[in-house]
Amino acid sequence: MTRKAAGCVLAINGGSSSIRFAVLEAGETRRPRLDGKIDRIGLSGTNLTVNDPPGKPLGARRLAAADHRSAVSFLLDWLEAQPAFASVKAVGHRVVHGMKHAEPERVTPKLLAELRRITPYAPDHLALEIGLIEALSQRHPKLPQVACFDTAFHRTMPQVARLLPIPRRFAARGVERYGFHGLSYSYLMEELGRLDPAAAKGRVILAHLGNGASMAAVRHGRSIDTSMGFTPTAGLVMSTRTGDLDPGLVYYLARTERMSAAQFQHMVNHESGLLGVSGTSSDMRDLCARESADVRAAEAVELFCYQAKKWIGSFAAALGGLDTLVFAGGIGENAPLIRAQICKGMSWVGIDLHRLRNAKNAGIISTDSSRAAVRVIRTDEELMIARSVGRVLEKGEL
């Protein structure tokens, strides 16, 4: 049974098909007391998976939830029945889009109204995240909630990196490059600063490679560019998202396939990427297992690594060199063969992988003579959410 802790934070990381959560203690370490996720929301086989204590799986529980609303209701019912929930003093939410917000903020009616207004900027995420906030508010109106914006990390990007080359009138409406995965990047930079303070002040490329994949170029601890743009669909090819795409394809498909804007949006976000190229799977593990016998699986893997290599090269140019490359995310942390393929032939930018270290997913996977250090750091967005809530608490804003 989970022991009650004084002053815990509930971190909620809601996505389009999953909700991750963690109850973390107050204090410097913010030790998790409970964590888990509901995945495959809206699909067959929706499951609640819980680790209690973290690292000790309790097994999966099948849900009858066919949509996000019922999944949220089930999760809140379940959380309220857990001893750890009685100690929760505040809730932090990952909010995918925050426009020009550069810091986490307490959720107020004014902020909620703003999030509803900007929902078209991230339709696959914001409506669901607002639903989570409102559901908790209805059940626990006195429990403070904090919005932790995934775009905030990139508000330091210079104007040239934010500009989109379209008519200026759209910029006045907030149409610019924002970047995402900011909570992950914030955590990675804090960890890098703990591991090697000098490196965190240098020229760093962060590679968050998972179902959603992006990279960020960081100099002196500040984001100067990132691969995702106006939406999380841009940049690298991902599990089901296209990444960067020729905009002329919109008109071509509208004419030849009579594809509507909504159909195009669905295709580029849910039917493309690794799934679209392979025709079989969006999961890199499946594709790596099949690539020797399936040419389309092999091409999907090759495309992913090729694009990642190009982004590293372009960001090294933007940074004026490279001191540290950090791999994170499900693929970045656990796929030595993918890391090796991405880094192959990158000695010109200072990258030289150590084969055995890479195979073991070591903390540092570059050779001792490599000019650029290559690290693997396990990201933790829920912990970053809890830290963000803690900082709002310290300012007396809750």
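Since we're looking at a predicted model, the values are computed, not measured.

1. Here's the deal with the sheet that holds strand β9 (residues 203-209)
1) Next: One open sheet holds the five strands; their spatial order is β11-β10-β9-β12-β13, and the pairing between them is mixed. Bordering the open sheet on either side are β11 (222-226) and β13 (373-376), each of which pairs with just one other strand. Strand-to-strand twist of the sheet, defined as the mean angle between neighbouring strand axes without regard to direction, takes the value 25 degrees.
2) Next: Here seven bridges tie β9 to strand β10 (residues 213-219), and the two strands are oriented antiparallel to one another. What sits directly across from Leu206, in β10, is Ala216.
3) Next: Packed on one face of the sheet, helix α5 (residues 182-195) meets β9, β10, β11, β12 (324-328) and β13 and runs near 130 degrees to β9.

2. Comments concerning the layout of surface pockets
If a probe as big as a water molecule is rolled over the atoms, it shows which places are left empty.
1) Next: Space inside the second largest pocket adds up to approximately 520 Å³.
2) Next: Taken together, 22 residues form the lining of the second largest pocket, with Ala102, Glu103, Ser186, Met384 and Arg391 sitting closest to its centre.
3) Next: Of all the secondary structure elements, the ones that give two or more residues to the lining of the second largest pocket are β8 (145-149), α5, β11 and α15 (381-394).
4) Next: Sorting elements by how many residues they give to the lining of the second largest pocket places α5 first, with five residues.
5) Next: Taken together, the residues that form the lining of the second largest pocket break down as 10 nonpolar, six polar and six charged.

3. A look at the environment of Arg387
1) Next: When you line up the elements, Arg387 lands in helix α15.
2) Next: Classification of Arg387 by relative accessible area gives buried; the value is 18%.
3) Next: It is 9.4 Å that separates the C-alpha atoms of Arg387 and Tyr187, two residues lying 200 residues apart in sequence.
4) Next: The residues touching Arg387, leaving out its near neighbours within four places in the chain, are Arg30, Tyr187, Glu190 and Glu191.
5) Next: Among the polar contacts listed, one links the side chain of Arg387 to the side chain of Glu190, at a separation of 2.7 Å.

4. Examining the confidence of the model for the chain
1) Next: Overall, the predicted model of the chain reaches an average pLDDT of 93, with 95% of residues at or above 70.
2) Next: Predicted confidence is poor over residues 1-5, with pLDDT under 50, and the contacts of this stretch with residues over four places away or in other chains come to 14 contacts.

5. Some thoughts on the packing of aromatic side chains
Each aromatic ring pair is specified by the distance between its two centres and by the angle formed by the two planes.
1) Next: By the definition in use, this model includes five aromatic pairs.
2) Next: Seen in terms of ring centroids, Trp311 and Phe315 are 5.4 Å apart; in terms of plane orientation they differ by 55 degrees. Their pairing is tilted. Separated by four residues within a single helix, Trp311 and Phe315 lie in helix α11 (residues 295-319), roughly one turn from each other.
3) Next: Take Phe315: its relative accessible area is 2%, and that puts it in the buried class.
4) Next: A connected cluster of aromatic rings, assembled from ring pairs, spans Tyr121, Tyr178 and Phe230.

6. A few points about the pattern of salt bridges
1) Next: Tallying each qualifying case throughout the model produces 19 salt bridges.
2) Next: Across the pair Glu25 and Arg31 runs a salt bridge, and its minimum N-O distance is 3.1 Å.
3) Next: With a closest N to O distance of 3.9 Å, Arg387 and Glu191 form a salt bridge. Taken together, the residues Arg387 in helix α15 and Glu191 in helix α5 connect sequence positions 196 residues apart.

7. Some remarks on the side chain of Ser239
1) Next: Residue placement: Ser239 occurs in the loop between β11 and α7 (248-256).
2) Next: Within polar-contact distance, the side chain of Ser239 engages the backbone oxygen of Asn211 at 3.0 Å.
3) Next: Filtering out sequence-adjacent residues up to four positions away, Ser239 remains in contact with Asn211, Ser272, Gly273, Leu274, Leu275 and Ser282.

8. Details of the packing of α5 against α15
1) Next: It is at 9 Å that the axes of α5 and α15 come closest, and there the two elements cross at 85 degrees. When the axes of α5 and α15 are compared, the pair comes out roughly perpendicular. Note on element contacts: α15 touches α5 through Glu381, Leu383, Met384, Ile385, Arg387 and Arg391, opposite Leu183, Ser184, Ser186, Tyr187, Glu190 and Glu191.
2) Next: Residues belonging to the contact of α5 with α15 are distributed by class as follows: five nonpolar, two polar and five charged.

9. Focus: helix α13 (residues 336-343)
1) Next: Residues of α13 that are buried include every one of Ile338, Arg339, Ile342 and Cys343, and no others. Down the axis of α13, the buried side of the element spans an arc of 125 degrees, and every buried residue falls inside it.
2) Next: Following α13 by one or two positions, Gly345 has its phi on the positive side, about 75 degrees.

10. Focus: the state of the cysteines
1) Next: Per the stated rule, a full pass over the model turns up zero disulfides.
2) Next: Cysteine Cys288 shares no disulfide, and the gap to the nearest cysteine sulfur, in Cys305, comes to 7.5 Å.
3) Next: Given the relative accessible area of 25%, Cys288 is considered partly exposed.
4) Next: In this structure Cys343 is a free cysteine whose sulfur lies 9.6 Å from that of Cys305, the closest cysteine sulfur available.

The rules behind these values
- Residues numbered from 1 in each chain as written.
- Predicted model: local features only at pLDDT ≥ 70, side-chain atom pairs only at ≥ 80, totals over all residues.
- Heavy atoms only, no water.
- Pairing = 2+ DSSP bridges.
- Helix = DSSP H or I, 4+ residues; strand = E, 2+ residues; numbered from the N terminus.
- Axes fitted to C-alpha atoms, helices over the stretch in contact; angles between N-to-C directions.
- Contact = heavy atoms within 4.5 Å.
- 1 Å grid on protein atoms, 1.4 Å probe; cavity = no way out; pocket = protein on both sides within 12 Å on 5 of 7 lines; lining within 4 Å.
- Points joined across faces, edges and corners; volume = space filled by probe spheres on them.
- Nonpolar A, V, L, I, M, F, W, Y, C, P; charged D, E, K, R; others polar.
- Buried < 20%, exposed > 50% of the residue type's maximum accessible area, 1.4 Å probe, protein only.
- Polar contact = N/O pair within 3.5 Å; in protein donor to acceptor, adjacent residues only side chain to side chain.
- pLDDT = per-residue confidence, 0-100.
- Phe/Tyr/Trp six-rings, centres within 6.5 Å; stacked < 30°, edge-to-face > 60°.
- Salt bridge = Lys/Arg side-chain N within 4 Å of Asp/Glu carboxyl O.
- Parallel < 35°, antiparallel > 145°, perpendicular 65-115°, else oblique.
- Arc of directions from axis to C-beta.
- Disulfide = S-S within 2.5 Å.

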